[in-house]
Amino acid sequence: MLRPSYALFTLLAVTVPTTGFAAAPPQSFKGEYTVSFLGLSVARATFSSRYDGDTYAINGTVSAAGIAKLFDDTKGTISSKGTISGQQMRPQAFRADYTSGKKASVVDIRFSNGGVASTKVVPEPGKRDPKSWVPVGDGDLKSVLDPMAATVIHADSLDKVCGRTVKFYDGEMRANLSLTYASKGSISVPGYKGDTVTCKMGFEPVAGYRKGRKALEFLQNKSRMMVTFAPLGQSGVYAPIRATVGTQIGPLTISARRFEAVE
């Protein structure tokens, strides 16, 4: 995987919703989120998206908060744009610009014909040990989503949100996220009050990672990851409103402070 600060940045993008309304008059959505670790606030995120016909554009900001700023003052912006075909997201471009302390980094991914056309990472990753590194092949980059588009679920009902596998690529690692049904419930936050469905999320690294990395092995084999989805009106779009990820030293929780459609 990429440097630790970007790993957190990618995790936030995967588990924070980037929602909108497909095949409808132009509409926008705004979400505000708090990230907590062991009960302490460590980051905040704000995302806005706009869907116009079969196109979408998503922009977000993420920044360290609370005690986390004492150790890793990471902040930055994320953007994704593309088209929607049926119930499938088809990204065209993804970009993450972030800083950790005084170090600035960029991840830029371009897509074409449903696959990755180019990837730019600044600064470039260091040399990999071929004995332990699992390289990304051309076949791994077909029919994949960027970390933001991977969070949007198009389904006919809450009952059909889970029961699927999402393939995503973050600029270095290719992984699969599997969603299996866990439970139904309800939630109330500013901007939304209503039914939800919770899926258990499985993580499988495919390529672009170092074998034997304990953090990845924990996520794949031991971590309990749960994602709760809520609908946006009658659009058929469902997005995460809460997520919990078990780590080696405690749970990470992402909760919506606001989840609403805007003019």
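Our subject is the structure that appears above.
Because the structure is predicted, anything quoted here is derived from the model rather than measured.

Cut-offs applied
- Residues numbered from 1 in each chain as written.
- Predicted model: local features only at pLDDT ≥ 70, side-chain atom pairs only at ≥ 80, totals over all residues.
- Heavy atoms only, no water.
- Disulfide = S-S within 2.5 Å.
- Helix = DSSP H or I, 4+ residues; strand = E, 2+ residues; numbered from the N terminus.
- Contact = heavy atoms within 4.5 Å.
- Phe/Tyr/Trp six-rings, centres within 6.5 Å; stacked < 30°, edge-to-face > 60°.
- Buried < 20%, exposed > 50% of the residue type's maximum accessible area, 1.4 Å probe, protein only.
- Lys NZ or Arg CZ within 6 Å of the ring centre and 35° of its normal.

> I keep staring at the state of the cysteines and nothing clicks. Help me out?
Among covalent bonds in proteins, the disulfide is the one between the sulfur atoms of two cysteines. As enumerated under the stated definition, the model contains one disulfide in all. Between the sulfur of Cys162 and that of Cys199 lies a disulfide, 1.9 Å long from S to S. Disulfide Cys162-Cys199: torsion about the S-S bond near -85°, hence left-handed. With Cys162 in the loop between β9 (153-154) and β10 (164-169) and Cys199 in strand β12 (residues 192-207), this pair connects stretches of sequence that are 37 residues apart.

> Can you walk me through the environment of Thr253 in this structure?
Within the secondary structure layout, Thr253 lies in strand β16 (residues 250-262). When the C-alpha positions of Thr253 and Gly39 are compared, they lie 8.3 Å apart, and in sequence the two are 214 residues distant. Residues contacting Thr253, with those up to four places away along its chain left out, are Thr34, Val35, Ser36, Arg242, Ala243 and Thr244.

> Looking at this structure, I do not really get the packing of aromatic side chains. What am I missing?
Given two aromatic rings, one states the distance between the centres and the angle between the planes to describe the pair. Within the structure shown, the criterion is met by two aromatic pairs. Judged by centre distance (4.9 Å) and plane angle (75°), the ring pair of Phe29 and Phe259 falls under edge-to-face. Here Phe29, found in strand β1 (residues 27-37), pairs with Phe259, found in strand β16; they are 230 residues apart in sequence, far enough to count as distant. Owing to a relative accessible area of 2%, Phe29 belongs among the buried residues under this scheme. Note on Phe259: relative accessible area 1%, which makes it buried. Three or more aromatic residues joined by ring pairs make a cluster, and in this case those are Phe29, Tyr192 and Phe259. Its guanidinium or amino end placed over the ring of Trp133, Arg128 lies 4.2 Å from that ring's centre, counting from NZ or CZ.

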